[in-house]
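This is what each chain is made of:
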Amino acid sequence: MTNAYFACFLRISGPLRGAFVILAYCIAITLLLAPGPQLQIFLMGILNGDSASIYEAAHGTDVVPFVSLAEWLMEAYQPNLLAIAFVMAAATLRTGSPAQMLWRGTAAGLCALSINDFAIYQWSGTFEQSSFTESLFANLCGAFLISCAIVSITQIAEWTIEHLQPSRPLRRAAVALEICALGIFLNAVAFYAADFFYRPLPVQIDAYLDAPLNGSFATNPSYIDKDNPPFQLFPTDFDVPVVKWRNPNGGISAAWHVTNPQTKFDLQIEILSGCLDTDWISGIGADRPSHRVSDIKRLSVSFEGGASDFWIFDTDKGAGKISLEADPVAPFGLEVGKKANTKDLWQFIGSPSHLIYENSADVLSFYAGRVFLDALDDKANTIDLIPRKLVVEIDGKPYFITFIPATPMPGDKAACTIAAARKAFQSGTFKMPSSGISVGVRVTVTARPNGLLSRQDSELNVSGESGWITMDDIDRRAMDGIPGGVATLLEAKGNLSIDVDGTAQNVRPTDQFRAIGAFRGISTDHGKLRFVGNATSLTKNERRLNPTKFESGKITQQLTVLLPLLFFFLSVLIIPLRAAFKTDRAFDQVIDLMRQ
């Protein structure tokens, strides 16, 4: 009974064991099919492209990242490729004649690949007669080359069987592994050939940025740790006349609190009308009663819908610290300051952000304002003035003041004036003068003397959803306070110089550079920003500056390396192929392994 079961097992398992060889062929053919779409792009770019550069004929001036070998190999494991591989294997392995394997494999591959391409074009809705014609030509070339590879692989398998003496199962396993290995080898050769001609190499950049200049920077969170903080544009030491945050749509609010319980603070709030710029405020005297509170601990200031302007003033040159928690992608600019040897910095805010000011000065002063202008009515083509509500909370006690704008009259002139804040806080409503198109509050927090020489007394947190922040008239010493940090994206246009792999680039003020990689941003002694690092993608006016391996070396050096590899690769394909067609003998031993 046992012998009968064993005999039955052998009858059933024989074809299954032969299927391992067929499966190996399918895997090898799939590996040969996988580079096809990419190689088709390269081939058609060379045949149809107008550029003398091999790379630009396929990809234009863009920097196109090249996949790794693992990703390249994984492209083979797609259901449609496996189906095409099975069709080609079934067509070629039905006969042992090399010539029949070649033309049957070419015909089956051309039909299967073309049907696959037609289905993809129809599914994506991108069918074009010219593109499909190019695909037919590429499919014909690819099917023919893959069929040649199948004949070569089969000839190598035939030689292996002739020289292996072990039992049939070991020969079958050895042949299956050999076929898979040859498929991986040919796939890898295609990868390294494409890598040599089409992979942009990283370059080392050293860029100096100065005013006037516009650009952007960003930091990928995966590059940030305690030793590599993100790059920040603004100096941490607050030594500038004013910091401005402006957002016409509002959304800005502020919260202040005491951080040193030993220090007591007194509050003064003034209401200002029509003050559209910080320079207007500096000349205002306190000729109207302000709202005052003694010994405060906590304060918040905003408008309903948020303030549209927020300014922090440097009142007594105290050693304050400022930091910005903002969106990782930040457009920015450097401008020449109004004063000699100074610069203006600005940064756009595109998402919820926080500006933190740690104050150790005796006086902290800031302004929060909102314009009365409503959004433009497209139908009526008019702009309305609407009331604004101020929201202030002092040590948990809320205050709400509604400011009612006056109707503008002919001849009215814009003016920055001070209003009676005490009356407004008492009544909760205030009618603005006719010249006021905006309303705001100037908040001054004054520390009482406590005898401490070094202290950190209070902290101001400003929050907003968008807008832009500016620091004007920053001298070179303050620029040195810009903290070093990591950036993974840098764009710049204007006054800059840049070295690429140690070679200085010719830069015009209209040239725009864009670099992606890993860079260290710092400030210099001359008040410039410097970025040093490796750029995996670098463009100048949207033209690639990353060379490929083919473009970076001398032709004699390249040929010294490439020719031996080329001869070895061709020998793997051509010698077995030539031997197969020379004898034109059927591959009986390979076919026998698949049938038994």
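We now turn to the structure provided with this report. (Residues numbered from 1 in each chain as written. Predicted model: local features only at pLDDT ≥ 70, side-chain atom pairs only at ≥ 80, totals over all residues. Heavy atoms only, no water.)

1. Comments concerning the overall build of the protein chain
Going by this rule: Strands are runs of DSSP state E lasting at least 2 residues, helices are runs of H or I lasting at least 4, and numbering of each runs from the N terminus. Accessibility here uses a 1.4 Å probe with only protein chains present; expressed as a share of the type maximum, an area under 20% marks a residue as buried, one over 50% as exposed, and anything in between as partly exposed. The accessible surface values rely on the Shrake-Rupley method and a 1.4 Å probe; as for residues, cover is taken only from the protein chains in view.
Within the protein chain one finds 14 helices and 25 strands. Counting every position in the protein chain, which comprises 596 residues, the buried fraction comes to 46%. Counting only carbon and sulfur atoms, one obtains 59% of the accessible surface of the protein chain, whose full area is about 29,800 Å².

2. Focus: the nonpolar core
Cut-off, in case you're wondering: Side-chain atoms within 4.5 Å are what join buried Ala, Val, Leu, Ile, Met, Phe, Trp, Tyr and Cys residues into a set we call a nonpolar core. Working rule for contacts: check all heavy atoms of both residues, and any pair within 4.5 Å makes them a contact.
Ranked by size, the top nonpolar core spans 79 residues in total, and within it Leu209, Phe310, Ile312, Phe403, Leu460 and Leu529 carry the most contacts. With seven residues, strand β1 (residues 203-218) is the single largest residue contributor to this core. With near-sequence residues (within four places) excluded, Leu529 lies in contact with Ala207, Tyr208, Leu209, Phe231, Leu233, Phe332, Leu334, Met479, Ile482 and Ile522.

3. So, the side chain of Arg370
Filter applied, for reference: Think of a polar contact as two N or O atoms within 3.5 Å of one another; within protein, one of them needs to be a possible hydrogen donor and the other a possible acceptor, and neighboring residues in sequence only count if both atoms come from side chains.
Its location among the elements puts Arg370 in strand β13 (residues 363-371). Taking relative accessible area as the criterion, Arg370 reaches 8% and is therefore assigned buried. In this structure the side chain of Arg370 is engaged in a polar contact, spanning 2.7 Å, whose partner is the backbone oxygen of Gly306. If we ignore the near neighbours within four places in the chain, the residues touching Arg370 are Asn249, Gly250, Phe303, Glu304, Gly305, Gly306, Ala307, Ser308, Arg388, Ser438 and Val439.

4. Considering the packing of aromatic side chains
To keep it simple, the criterion reads: Two aromatic rings from Phe, Tyr or Trp, using only the six-membered ring of Trp, form a pair when their centres are within 6.5 Å; if the ring planes differ by under 30 degrees the pair is stacked, by over 60 it is edge-to-face, and anything between is tilted.
Tallied over the full model, the rule gives 17 aromatic pairs. Both rings, one in Tyr121 and one in Phe132, keep their centres 6.3 Å apart while their planes meet at 75 degrees; by these two values the pair is edge-to-face. Of this pair, Tyr121 sits in helix α6 (residues 98-124) while Phe132 sits in helix α7 (residues 129-163), placing them eleven residues apart in sequence. Phe132 matches Tyr121 in its accessibility class, with the two residues each being buried. Taken together through their ring pairs, the aromatic side chains of Phe66, Trp72, Phe191 and Tyr192 make up a single cluster.

5. Some points on the pattern of salt bridges
Inclusion rule: Throughout this description, the term salt bridge denotes a Lys or Arg side-chain nitrogen within 4 Å of a carboxyl oxygen of Asp or Glu.
Throughout the structure, instances matching the rule amount to 14 salt bridges. Between Arg199 and Asp195 there is a salt bridge, and its shortest N-O distance comes to 2.6 Å. A salt bridge links Glu491 to Arg514; the shortest N-O distance between them is 2.6 Å. Within this pair, whereas Glu491 is found in strand β21 (residues 485-500), its partner Arg514 is found in strand β23 (residues 512-523), the two being separated by 23 residues in sequence. We classify Glu491 as buried; its relative accessible area is 18%. For Arg514, a relative accessible area of 35% corresponds to the partly exposed category.

6. So, the packing of α6 against α7
Applicable threshold: With axes taken as lines fitted to C-alpha atoms, and helix axes fitted only over the stretch in contact, angles between N-to-C directions fall between 0 and 180 degrees. Throughout, a crossing is termed right-handed when the near helix is turned clockwise from the far one, and left-handed when it is turned anticlockwise from it by less than a right angle.
Closest axis-to-axis distance for the α6/α7 pair is 7 Å, and the angle between their directions is 145 degrees. Seen from above, α6 lies across α7 with right-handed handedness.

7. A closer look at the environment of Ser97
Tracing the backbone through its elements, the reader meets Ser97 in the loop between α5 (79-92) and α6. Given the relative accessible area of 18%, Ser97 is considered buried. Taking C-alpha positions, Ser97 is 8.8 Å from Ala580, a pair spaced 483 residues apart along the chain. If we ignore the near neighbours within four places in the chain, the residues touching Ser97 are Asp584 and Ala586.

8. Topic: a nonpolar patch on the surface
What counts here: Patches in this entry comprise residues that are over 30% relatively accessible and not in a salt bridge; like charges within 9 Å are linked, as are nonpolar side chains (Val, Leu, Ile, Met, Phe, Trp, Tyr) within 5 Å.
Residues Leu43, Leu47 and Phe137 make up a contiguous nonpolar surface patch of about 260 Å² in total accessible area. Here Leu43 lies in helix α2 (residues 36-48).

9. Quick notes on α5
In plain terms, the rule: By this rule the span expected of a helix is its residue count minus one, scaled by 1.5 Å. To obtain the arc, one takes the directions from the helix axis to the C-beta atoms.
End to end, α5 covers 20 Å across 14 residues, agreeing with the expected 20 Å (1.5 Å per residue, within 8%). Inspection of α5 places Leu81, Ile84, Ala85, Met88, Ala89, Ala91 and Thr92 among the buried residues, and these make up the whole buried set. Down the axis of α5, the sector holding all buried residues measures 165 degrees, keeping them to one side. Away from its buried face, by an angle of more than 90 degrees, α5 presents the exposed residues Pro79 and Phe86.

10. Examining the environment of Asp227
Mapped onto the elements of the fold, Asp227 is located in the loop between β1 and β2 (237-238). Taking the relative accessible area as the measure of exposure, Asp227 reaches 57% and is therefore exposed. Considering only alpha carbons, one finds Asp227 and Val486, 259 residues apart in sequence, at a separation of 9.8 Å.

11. Section: the state of the cysteines
Keep this limit in mind: A pair of cysteine sulfur atoms is labelled a disulfide when the two atoms are within 2.5 Å.
Considering all chains together, one arrives at one disulfide under this definition. Across a sulfur-sulfur distance of 1.8 Å, Cys275 and Cys416 are joined as a disulfide pair. Judged by the sign of its S-S torsion, about 80 degrees, the cystine formed by Cys275 and Cys416 is right-handed. Residue Cys275 is found in the loop between β5 (265-273) and α9 (278-281), and its partner Cys416 is found in the loop between β15 (397-404) and β16 (417-419); the two are separated by 141 residues along the sequence. With a relative accessible area of 3%, Cys275 lands in the buried category. By relative accessible area, Cys416 is classed as buried at 18%.

12. Focus on the environment of Lys540
Among the structural elements, Lys540 can be located in strand β24 (residues 529-540). In the structure, Lys540 is positioned 27 residues away from Phe513 in sequence and 4.6 Å away in space, judged by C-alpha atoms. Apart from residues no more than four positions distant in its own chain, Lys540 is found in contact with Asn506, Asp511, Gln512, Phe513 and Leu545.

13. A word on the pairing of strand β18 (residues 438-447)
The cut-off we apply is this: When DSSP finds two or more bridges between two strands, those strands count as paired.
In terms of burial, β18 is largely enclosed, as nine of its ten residues are buried. Across nine bridges, β5 lies against β18 in antiparallel orientation. Within the sheet, the bridge partner assigned to Phe265 lies in β18 and is Ala447.

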